Amino acid sequence: MDYIAKDNKIIFRNRSFNPKHIFECGQAFRWEKNEDGSYTNVAFGRVINVSKKDDIITLDNVTEEDFNNIWINYFDLKRDYDAIKEKLSNNKTMKEAMDFGYGIRILNQDHFETIISFIISANNQIPRIRKSIDIISREYGKEIGEYNGKIYYSFPDYETLSRVRIEDIREICRVGFRDKRIVETSQMIYSGEFNLDESKSYDSSKLYEELIKFPGVGPKVASCIMLFAYGKSETFPVDVWIKRVMESLYIGHETSKKNISILAKDIFGDYGGFAQQYLFYYGRENKIGK
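A. The packing of aromatic side chains, seen in detail. Applying the stated criterion across every chain yields a total of 23 aromatic pairs. Ring geometry for F17 against F75: centres 5.2 Å apart, planes inclined by 50°, an arrangement best described as tilted. You can see F17 sitting in the loop between strand 2 (9-13) and helix 1 (19-23) and its partner F75 sitting in the loop between helix 2 (64-74) and helix 3 (81-88), a full 58 residues away along the chain. Residue F17 shares its accessibility class with F75, and that shared class is buried. Grouped by ring-pair contacts, the aromatic residues Y3, F12, F17, F23, W31, Y39, F44, F67, W71, Y74 and F75 constitute a single cluster. In this structure, R130 packs its charged tip against the face of W31, placed 4.0 Å from the ring centre. One cation-aromatic arrangement involves R244 over W241; the distance from NZ or CZ to the ring centre is 4.9 Å.

B. The arrangement of the pattern of salt bridges in detail. This model, assessed by the stated rule, comprises 23 salt bridges. Taking the shortest distance from any N to any O, the salt bridge between E210 and K206 comes out at 3.3 Å. Taken together, the residues E210 and K206, both in helix 11 (residues 204-211) and 4 residues apart, mark about one turn of the helix. Taking relative accessible area as the criterion, K206 reaches 34% and is therefore assigned partly exposed. Residues participating in the shared-partner salt-bridge network are R165, E167 and D168.

C. Broad picture of the packing of helix 13 (residues 240-251) against helix 14 (residues 257-268). One can describe the packing of helix 13 onto helix 14 by two numbers: an axis separation of 11 Å at closest approach and a directional angle of 60°. By the angle between their axes, helix 13 is oblique relative to helix 14. Our pair here, helix 13 against helix 14, has a crossing hand that is left-handed. Here K243, M246, E247, Y250 and I251 of helix 13 lie close against helix 14, whose contacting residues are K257, I260, L263, I267 and F268. Along the lines of polarity and charge, the residues of the contact of helix 13 with helix 14 split into 7 nonpolar, no polar and 3 charged.

The rules we used
- Residues numbered from 1 in each chain as written.
- Predicted model: local features only at pLDDT ≥ 70, side-chain atom pairs only at ≥ 80, totals over all residues.
- Heavy atoms only, no water.
- Phe/Tyr/Trp six-rings, centres within 6.5 Å; stacked < 30°, edge-to-face > 60°.
- Helix = DSSP H or I, 4+ residues; strand = E, 2+ residues; numbered from the N terminus.
- Buried < 20%, exposed > 50% of the residue type's maximum accessible area, 1.4 Å probe, protein only.
- Lys NZ or Arg CZ within 6 Å of the ring centre and 35° of its normal.
- Salt bridge = Lys/Arg side-chain N within 4 Å of Asp/Glu carboxyl O.
- Axes fitted to C-alpha atoms, helices over the stretch in contact; angles between N-to-C directions.
- Parallel < 35°, antiparallel > 145°, perpendicular 65-115°, else oblique.
- Left-handed = near helix turned anticlockwise from the far one by under 90°.
- Contact = heavy atoms within 4.5 Å.
- Nonpolar A, V, L, I, M, F, W, Y, C, P; charged D, E, K, R; others polar.

Shown next, in the form of structure tokens:
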């Protein structure tokens, strides 16, 4: 892809890239919106600022080496989202959702951080999820450095979280009943009961079977982990918003989450994950079915 690298910035053009759509569509939790409309995000032990003007994207605090080794994959920049939209555009409802969230891209996130983040997300709200993850990073992660006057911290590794006292992570990090789940999941990974490296080569069926063995990981959380960390783009996570959107715009009556998953597979096929993100953002922002 074509880009300009200068002054610790990367500048490129992409009409299917909008930081608001990317960071506020429920797939990531380490971002913060700044007064100038840009977004500062933490991932892979780096702090990055992302802004957009017209179709021009600027990534600040980024070396050219990190852009090529980390951020191109993180932002899924090698994928043609116009081609995906074309595949999904035979449906009027889907086309409206894609037009609304035209700049969504599915992030390729760190596997362990995504597992813990979505365990925290269960029956939780995004501001509280973000707060808990921020505290966990400050308490147990490593200092990355300063950006625009603020100190940032990496997300801790599974060895560190495997040794945390359950009472501490509950009281300090405000995770509630998810405290034990976080520690026990970290212990399962640290002990090798779940091999993080091997899991990257699992097919979707095998990966799902292994993920739901974690405490606090059910069908929806497993699907989110598969989509946002493992690149299983056929996966269609069904949460409250997606259930409402599908019932309101596709089905016309209330039904089970299982039926919605089956219908989504029939309608969207291998592009279910992309469809889910467009529909989630469209439904939540427009309060469809609420």
